[in-house]
Amino acid sequence: MSYTFKLKNGAVAVFDPDSAMLTITTPHGDVQNSTLGRAESRLLDLLLKEPGITKSRDEIIDYTWNDRVVASGSLNQTVFSLRNILNDSRDHEILMTVPRRGYCFNRHAVVDAADRPAPSEETAQPSAAIPEQLAPTVGDESPAPCSTTEKSTRMTKAQRVAYIVTLAVAAFTVFQSGLDAPKVEISSIDKNGLVIHAVGNDIAEAQALMNLSAKQSEQLPPDLKGQVWINLYKASYSVSCIRPDLSTANLQLNSSERDLALMIRQCLEVTL
Amino acid sequence: MKFGIPQVVHWPIIALINALCIFSFVYSPSHYMENTSYQTKTRQWLEDLNQLNTEEYLTIGHGRLTGTTLESLNEKIRNATITANIIAESKTHVQIKVSNVKLSQDKELFAIEKTPDLFFRRQYVLQEGAILNYELIPTQSKDAVCFYVHELGRLRCMNH
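Remember, it's a predicted structure, so these values are computed and weren't measured experimentally. (Residues numbered from 1 in each chain as written. Chains lettered and ligands numbered in written order. Predicted model: local features only at pLDDT ≥ 70, side-chain atom pairs only at ≥ 80, totals over all residues.)

A.B. asks: Quick one: what's the story with the overall build of chain B, residue by residue and with numbers?
C.D. replies: Helix and strand content of chain B: two helices and eight strands. Mapped in sequence order, the helices and strands of chain B form the string α-β-β-β-β-β-α-β-β-β. Residues counted as buried form 27% of the 160 residues belonging to chain B. Pairs at least 24 apart in sequence give 43% of the contacts found in chain B among residues at least 6 apart. (Helix = DSSP H or I, 4+ residues; strand = E, 2+ residues; numbered from the N terminus. Buried ≥ 20, exposed ≤ 12 C-beta atoms within 10 Å, placed from the backbone. Contact = placed C-beta atoms within 7 Å.)

Now the structure itself:
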């Protein structure tokens, strides 16, 4: 796809980004063909894709130099060079500088496809269908030559770097919250205010301990309240409890010596 | 890489993601209250059926964990204090490295000869540099904390 736009003094330019060829036809019908340098071609291509839309310096550098690291002076030099080619070095009316924002291509300079003469006519009368003035006339309600209201969707290099850093931060956060640590499984049962939790290294172990605890807890008085945690470690039972008065106690004994129901009751009732 | 969102929106998105990460990193509510002294009593029946009674105190805060155990057996009392640095922490886990151990006597705590398993566990925990993983177990009470120490197979509930 080629772009057609007006230059000063009625000249018309056609730019083909694929071949980087810029063809300028003067009002007298003289045709000048020139091949732009890569940087000038890429810059012109980017700006002509969205004429009237301001492109930031980062965005232009990203696109023009394809992520290569270049000095900021390179962009200034390329803009300077392109303006010379477009005969815009003095007034900057075509390749416009938007202070503190970047550059844009004057949308009034671009010839719409509808305004463009047919190819056969173009060669013969290049400026016939093209208005001579770049700027809109007084009272013209057409939009400003450059606008920043339309938002570019192209991500800048700085934003890409920021996303990568953010990704690393997020990964670190997830890693931290995960904390590669062993984990116990808990199986619980609530018997009228007596909550028993069986703690095991896996679900099956916790469930087996819970079944044993539930069976033995049938012997307990119905008015016994509190929270109890039970664990079996190397043939020793541990029973830890929080009593209704929020005091705590812990018992530990060999599994062969006493039954669990008695341990639960002692844990919840007996002053150690 | 091209997203279908306006360029100016990227920065707030980046800022928001980072803010959420930092918030979740800094604000990690645990099942315990920092700098609160928890205590509990424990009774253990030894193989000779003697009762080993202990009072235990625990404080976690400012990246450190301090645990003190007062142990009584046959009317004799000994104590041990362990200070450890928290080397990793999440909502449900606290990983510590023992940095200092103080015993009331040069000898180990009671009952080591009567309960070999207890002896080995104590040898481990009373050694500077030992790593211990505390898993905090959710409770219905804010005033109590329950945890399981994986290396010792120790289950405890403590209140303040």
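Now that the structure has been shown, we can carry on.
A.B. asks: Explain the overall build of chain A to me, using residue names and the numbers behind them.
C.D. replies: The helix and strand inventory of chain A stands at seven helices and 11 strands. For chain A, the proportion of its 272 residues judged to be buried stands at 32%. A separation of at least 24 residues holds for 51% of the contacts in chain A among residues at least 6 apart in sequence.

A.B. asks: Requested: an account of the confidence of the model for chain A, with residues and values cited.
C.D. replies: All names here are of chain A. Here chain A averages 82 in pLDDT, and 82% of its residues register 70 or above. By mean pLDDT, the top-scoring element of chain A is strand β8 (residues 194-200) (93), and the lowest-scoring one is helix α4 (residues 119-124) (41). Ignoring residues within four places in sequence, the model shows residues 117-133, a span with pLDDT below 50, making 16 contacts including any to other chains. Predicted confidence for residues 135-141 stays below pLDDT 50, and this span has three contacts to residues more than four positions away or in other chains. (pLDDT = per-residue confidence, 0-100.)

A.B. asks: Got a sec to walk through the nonpolar core? Specific residues and values, please.
C.D. replies: Residues and elements named next belong to chain A. Within the largest apolar cluster, 47 residues are counted, with the highest numbers of intra-cluster contacts made by Val199, Val228, Trp229, Ile230, Val239, Cys241 and Cys267. Once residues lying within four places of it in the same chain are set aside, the contact partners of Val228 are Val195, Ile196, His197, Val239, Cys241, Ile264, Cys267 and Leu268. Judged by nonpolar contacts, the second largest core, of 27 residues, contains Ile61, Cys104, Phe105 and Cys146. (Core = buried A, V, L, I, M, F, W, Y, C linked by C-beta atoms within 7 Å.)

A.B. asks: I'd like to hear about the pairing of strand β5 (residues 93-103) of chain B, residue by residue, with values.
C.D. replies: All names here are of chain B. Pairing of strand β4 (residues 76-89) with β5, which is carried by nine bridges, proceeds in the antiparallel orientation. Residue pairing in the sheet places Ile82 in a bridge with Val101 of β5. Adjacent in sequence and paired antiparallel, β4 and β5 are bridged by three residues. Bridge count between β5 and strand β6 (residues 131-137): five bridges; the pairing is antiparallel. Looking at β6, one finds that His93 is bridged to Glu135. (Pairing = 2+ DSSP bridges.)

A.B. asks: Now, about the interface of chain A and chain B: what can you tell me, with residues and values included?
C.D. replies: Interface size, as often reported, equals the accessible area lost upon joining of the parts. With 42 residues of chain A at the contact, the number on the chain B side is 45 residues. Listed by contribution, the elements that provide at least two residues to the side of chain A that touches chain B are α5 (157-178), β9 (226-233), β10 (236-242) and β11 (248-254) of chain A. Here the side of chain A that touches chain B is built from residues that sort into 20 nonpolar, 16 polar and six charged. Pairing geometry for β11(A) and strand β1 (residues 37-45) of chain B, over four bridges, is parallel. Along β1(B), the bridge assignment pairs A:Gln252 with B:Gln44. (Nonpolar A, V, L, I, M, F, W, Y, C, P; charged D, E, K, R; others polar.)

A.B. asks: Provide a residue-level description of the packing of helix α1 (residues 38-49) of chain A against helix α2 (residues 57-64) of chain A, including the pertinent values.
C.D. replies: Residues and elements named next belong to chain A. Packing of α1 against α2 brings their axes to within 9 Å, and their N-to-C directions diverge by 125 degrees. Between α1 and α2, the interaxial angle falls into the category oblique. At the point where α1 passes α2, the crossing takes the right-handed sense. Residue-level contacts link Ala39, Arg42, Leu43 and Leu46 of α1 to Ile60, Tyr63 and Thr64 of α2. Here the residues of the contact of α1 with α2 are counted per class, giving five nonpolar, one polar and one charged. (Axes fitted to C-alpha atoms, helices over the stretch in contact; angles between N-to-C directions. Parallel < 35°, antiparallel > 145°, perpendicular 65-115°, else oblique. Left-handed = near helix turned anticlockwise from the far one by under 90°.)

A.B. asks: I'd like to hear about the environment of A:Leu44, residue by residue, with values.
C.D. replies: Residues and elements named next belong to chain A. Mapped onto the elements, Leu44 comes out in helix α1. Of the residues examined, Leu44 has 25 C-beta atoms within 10 Å and is grouped as buried. Remark: the alpha-carbon pair of Leu44 and Pro17, spanning 27 residues in sequence, is separated by 8.1 Å.

A.B. asks: Outline the pairing of strand β1 (residues 3-6) of chain A, supporting the account with residue identities and numerical values.
C.D. replies: Residue and element names in this part refer to chain A. As paired elements, β1 and strand β2 (residues 12-16) share four bridges and run antiparallel to each other. By the bridge assignment for β2, Phe5 is matched with Ala13. Here β1 folds back onto β2, and the loop between the two strands holds five residues, one of which, Asn9, carries a positive phi near 60 degrees.

A.B. asks: Please provide a residue-by-residue account of unusual backbone geometry, values included.
C.D. replies: Most peptide bonds take the trans form, and the phi angle of most residues other than glycine is negative. All names here are of chain A. In this structure, Asn9 takes a positive phi of about 60 degrees despite not being glycine. With respect to the helices and strands, the residue Asn9 is situated in the loop between β1 and β2. Phi angles above zero are rare outside glycine, and Arg100 is one such case at about 65 degrees. Within the secondary structure layout, Arg100 lies in the loop between β5 (95-98) and β6 (102-105).

A.B. asks: I'd love a proper account of the environment of A:Ser34, names of residues and values included.
C.D. replies: All names here are of chain A. Inspection of the secondary structure puts Ser34 in strand β4 (residues 31-35). By C-beta crowding, Ser34 is classed as exposed, having 12 other C-beta atoms within 10 Å. Along the backbone, Ser34 and Phe15 are 19 residues apart, and their C-alpha atoms lie at a distance of 9.8 Å.

A.B. asks: How would you explain the sheet that holds β2(A) if you had to name every residue and give the values?
C.D. replies: Residues and elements named next belong to chain A. In spatial order, the strands read β1-β2-β3-β4; together these four strands make up an open sheet with antiparallel pairing. Two strands bound the open sheet, and with one partner strand each, they are β1 and β4. Pairs of neighbouring strands in the sheet enclose a mean axial angle of 20 degrees, with direction left out of account.

A.B. asks: Outline α1(A), listing residues and values.
C.D. replies: Residues and elements named next belong to chain A. Taking 1.5 Å as the rise per residue, α1 with 12 residues should run 16 Å; its terminal C-alpha atoms sit 16 Å apart, in good agreement. The set of residues buried in α1 consists of Ala39, Glu40, Ser41, Leu43, Leu44, Leu46 and Leu47. The elements touched by buried residues of α1 are β2, α2, α3 (72-85), β5 and β6. (Expected span 1.5 Å × (residues − 1).)

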